[in-house]
Amino acid sequence: MPETKAPAQLRPETDVLTRGFDPSLSVGSARPAVFRSSTYVFSSPEAAERAFDIMAGRAQRTPEENVDLVYSRFNHPNAQILEDQIVPLEPGATAAAVFNSGMAAIMTALLAVLKPGDSIIYSVPIYGGTQTLIQSFLQSIGIEGIPVPAGQGAAIDNAIRGARNLRVVLIETPANPTIVMTDVKRVCQTVASLPMASSNGNAPERPLVMVDNTFLGPAFQHALSLGADVSLYSATKYLGGYSDIIGGVALTKDVALMSKIRSKRSLFGNILQPDECWILDTRLPTVALRMNRQSKNAQRIAEKLASHPKVKKVYYPTLFEDPEQTRIYREQCEYPGGLVSIDLKGGKAAAFDFLRRLKLARNAVSLGGVETLACHPRSTTHSAWSAQDLDEAGIGEGLVRISVGIEDWRDLLADCEAALDLV
Ligand SMILES: *Cc1c(COP(=O)(O)O)cnc(C)c1O
C-alpha cells in the first residue's frame, strides 16, 4: 500500500508550495503581491487596541484570531507569507522570523535571551561576524563568551557543565572552511542533563541550544529535530541561492521563544523588507533542488581532486578520516553539501595561482549560489586570525574553499584540473 499522508503531514517540498499563502488576499494572484505599505488601516478602533495589546504581550492571540497589521517595522504581509512558507522547510519548526541579514538573525536571537552576567558557549571556528559579535560586543556588555573547539564532544560537554550562568550554546556545524562537524544531539543531551538553576530568583531556565544551520540546512541537516531550540540562517547563502540578496532567518519549536525574538526585532528594526521577502519567497521551492545538485557536483569534484598530485588534502564529509567525524556526518546529515575545501601543495603561491587560473569558478567570498565561487580563507574570510590559530584549525596557506554551484560537474572538474596543471 502506498503511504498516504494527511495534509498536515505533507513533506517539505510539497508543503512549501501549498501552504502559507492565500491568493484571495492578493486579489487572486497566483503568486504573492508585494505590499510596500509602511502602515496599515485598522478595521476598527477596537481592532487597533487589540493589535497593540497583542504586540506588546499584554494579550495572547487565539489560534483562529485575525489580528490587524499595524506598522511594517513590526510585521508586514510579505514577511508573514515568507515565514509561513519557510516553516515547513525546517522539520520541527513552528515559527520563523525573517531579518535583513544573517548577522541580524543571530544578533537578535542572542539578545532576545542573553543579559549581562550570563555566559554563552560557542564553537570555533565560527563565522567571523559572529565571533566579533560575541568577543567584542557581548563581552563589552558583560556577557561572557566561552569558545570551544568544533567537533570535540568531550571538551564541549565539560565547558557546558562548568560554565557559570550559562544561557546559550551556539554551534555552527559544519565549521567553515574545514568542514569539522559538531554533534548537535550530544550538545542538546548534555544541556538537558544540567541541573536546572534559578537565575536572580526567576523561574529556572535551561540554557538554549542555537545552531547556525547555514551550510547544510534546510535540506540536509535538521537542527531542531536534533534537539536544538533555535535554527539560524544566513539566507544570503543557500536559501537565497543566487548571490543577489542579503537576509537571515531564525526558526524555533517554541512559539513563546519566537515572541521574544520578534519583539526584539520590532525594537531593533531589522525585519526583512517587503521586496526582499518576496524575492526570498520565490527561492524557497527550489532550495532542495539546488542543494541536491550542488551536493552531487561537490561530491564528485571532491572525490576526484582528492587523488590529484598537486593536492595535499581535500576537506569534505565523504572524505573524513576521523571515525567520530564520519559518525556525526552519518547520523546528523542527509547529504554532504556543496562546500569543498582543497589544501594545495605549494602553499599560498599555489593557492593564488589556482584562483587566478580558474575560468568558470569566480574568486569571491560567500557561498550557496547557483554559480561556483572560490576563495582563499587565510587571506580573506579568516585574515583576522593569528597564524597560530589558523594553523591549529587547519586553515593553511594552501587552502582554497570552493562553493560548488549547479553547473555541469564535468566542466567544473575540468576547470579545476586545468587550473591545477598550471600551478
Ligand atoms: C554568511 C554567514 C553569516 C552571516 O550572514 P549575513 O547574511 O552575511 O549577515 C552567518 N553565518 C554563516 C555560517 C555564514 O556563512
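See above for the structure.
In this text, all values refer to a predicted model and were calculated from it rather than measured experimentally.

About the cut-offs
- Residues numbered from 1 in each chain as written.
- Predicted model: local features only at pLDDT ≥ 70, side-chain atom pairs only at ≥ 80, totals over all residues.
- Heavy atoms only, no water.
- Axes fitted to C-alpha atoms, helices over the stretch in contact; angles between N-to-C directions.
- Helix = DSSP H or I, 4+ residues; strand = E, 2+ residues; numbered from the N terminus.
- Parallel < 35°, antiparallel > 145°, perpendicular 65-115°, else oblique.
- Left-handed = near helix turned anticlockwise from the far one by under 90°.
- Contact = heavy atoms within 4.5 Å.
- Nonpolar A, V, L, I, M, F, W, Y, C, P; charged D, E, K, R; others polar.
- Pairing = 2+ DSSP bridges.
- Core = buried A, V, L, I, M, F, W, Y, C linked by side-chain atoms within 4.5 Å.
- Buried < 20%, exposed > 50% of the residue type's maximum accessible area, 1.4 Å probe, protein only.
- Domains from an automatic or database assignment.
- Near = heavy atom within 4 Å.
- Polar contact = N/O pair within 3.5 Å; in protein donor to acceptor, adjacent residues only side chain to side chain.
- Areas by Shrake-Rupley, 256 points an atom, 1.4 Å probe, with all protein chains shown as cover.

Draft legend 1. Expanded view of the packing of helix α12 (residues 347-357) against helix α14 (residues 409-422). α14 packs onto α12 with a crossing angle of 130 degrees between their chain directions and a minimal axis gap of 8 Å. Classified by the interaxial angle, the pair formed by α12 and α14 is oblique. The two elements α12 and α14 meet at a crossing, and its hand is right-handed. Side by side, α12 and α14 meet where D353, F354 and R357 of the first sit next to D415, C416, A419, L420 and L422 of the second. Tallied by class, the residues present in the contact of α12 with α14 amount to 5 nonpolar, no polar and 3 charged.

Draft legend 2. Summary view of the sheet that holds strand β2 (residues 119-124). On the basis of which strands lie adjacent, the open sheet formed by 7 strands has the order β1-β7-β6-β5-β4-β2-β3 and mixed pairing. The open sheet has two edge strands, β1 (95-99) and β3 (144-149), and neither has a second partner. Between one strand axis and the next, the sheet turns through 20 degrees on average, direction left out of account. As judged from the 5 bridges shared by strand β4 (residues 166-172) and strand β5 (residues 208-212), these two strands associate in the parallel manner. The residue of β5 that forms the bridge with V169 is V209. Most of the contacts of helix α5 (residues 128-140) go to β2, to which it runs at about 155 degrees, and overall it touches β2, β3 and β4.

Draft legend 3. Region of the structure containing the sheet that holds strand β11 (residues 373-375). If you trace the 5 strands from one edge of the open sheet to the other, you get β8-β9-β12-β11-β10, paired in mixed fashion. The open sheet has two free edges, formed respectively by β8 (311-315) and β10 (362-363), since each of these has just one partner strand. Relative to strand β12 (residues 399-403), β11 runs antiparallel, the two being bridged by 3 bridges. When the bridges of β12 are listed, C375 appears paired with R401.

Draft legend 4. Seen up close, the nonpolar core. Grouped together as the largest cluster of nonpolar side chains are 61 residues, with contacts concentrated most on I86, I121, I160, V169, L239, V249 and L251. Counting residues domain by domain, this core receives three or more from each of domain 1 (12-285) and domain 2 (287-421). Ignoring any residue separated from it by four or fewer positions in sequence, one finds I121 in contact with I146, V148, A159, I160, A163, L166, V168, V169 and L170. Of all hydrophobic cores here, the second largest spans 29 residues; its members include F99, I106, V113 and I134.

Draft legend 5. Representation of the pairing of β1. With 5 of 5 residues buried, β1 lies mostly within the body of the structure. Judged by which residues are buried, β1 turns out to be covered on both faces: A95, A97 and F99 on one side and A96 and V98 on the other are all buried. Across 5 bridges, β1 lies against strand β7 (residues 248-252) in antiparallel orientation. Following the sheet pairing, V98 is matched in β7 by V249.

Draft legend 6. Region of the structure containing the site of the ligand. Among the 13 residues in the neighbourhood of the ligand, the closest are listed as M103, D212, S234, T236 and K237. S234 has a polar side-chain atom sitting 2.9 Å from an oxygen atom of the ligand. One of the side-chain nitrogen or oxygen atoms of K237 is found 2.7 Å away from an oxygen atom of the ligand. Notes on the ligand: free accessible area 380 Å², of which the protein chains cover 93%. At 3 residues, the largest contribution of residues to the shell around the ligand is made by helix α4 (residues 102-113). Of the residues assigned to the shell around the ligand, the class counts are 4 nonpolar, 6 polar and 3 charged.

Draft legend 7. Molecular detail of the packing of helix α6 (residues 153-162) against helix α7 (residues 184-192). At a closest axis distance of 10 Å, the pairing of α6 and α7 adopts a crossing angle of 25 degrees. As far as their axial angle goes, α7 and α6 are roughly parallel. In this structure, α6 crosses over α7, and the sense of that crossing is right-handed. From α6, G153, A154, I156, D157, I160 and R161 reach across to α7, where they touch R186, V187, T190 and V191. Taken together, the residues that form the contact of α6 with α7 break down as 5 nonpolar, 2 polar and 3 charged.

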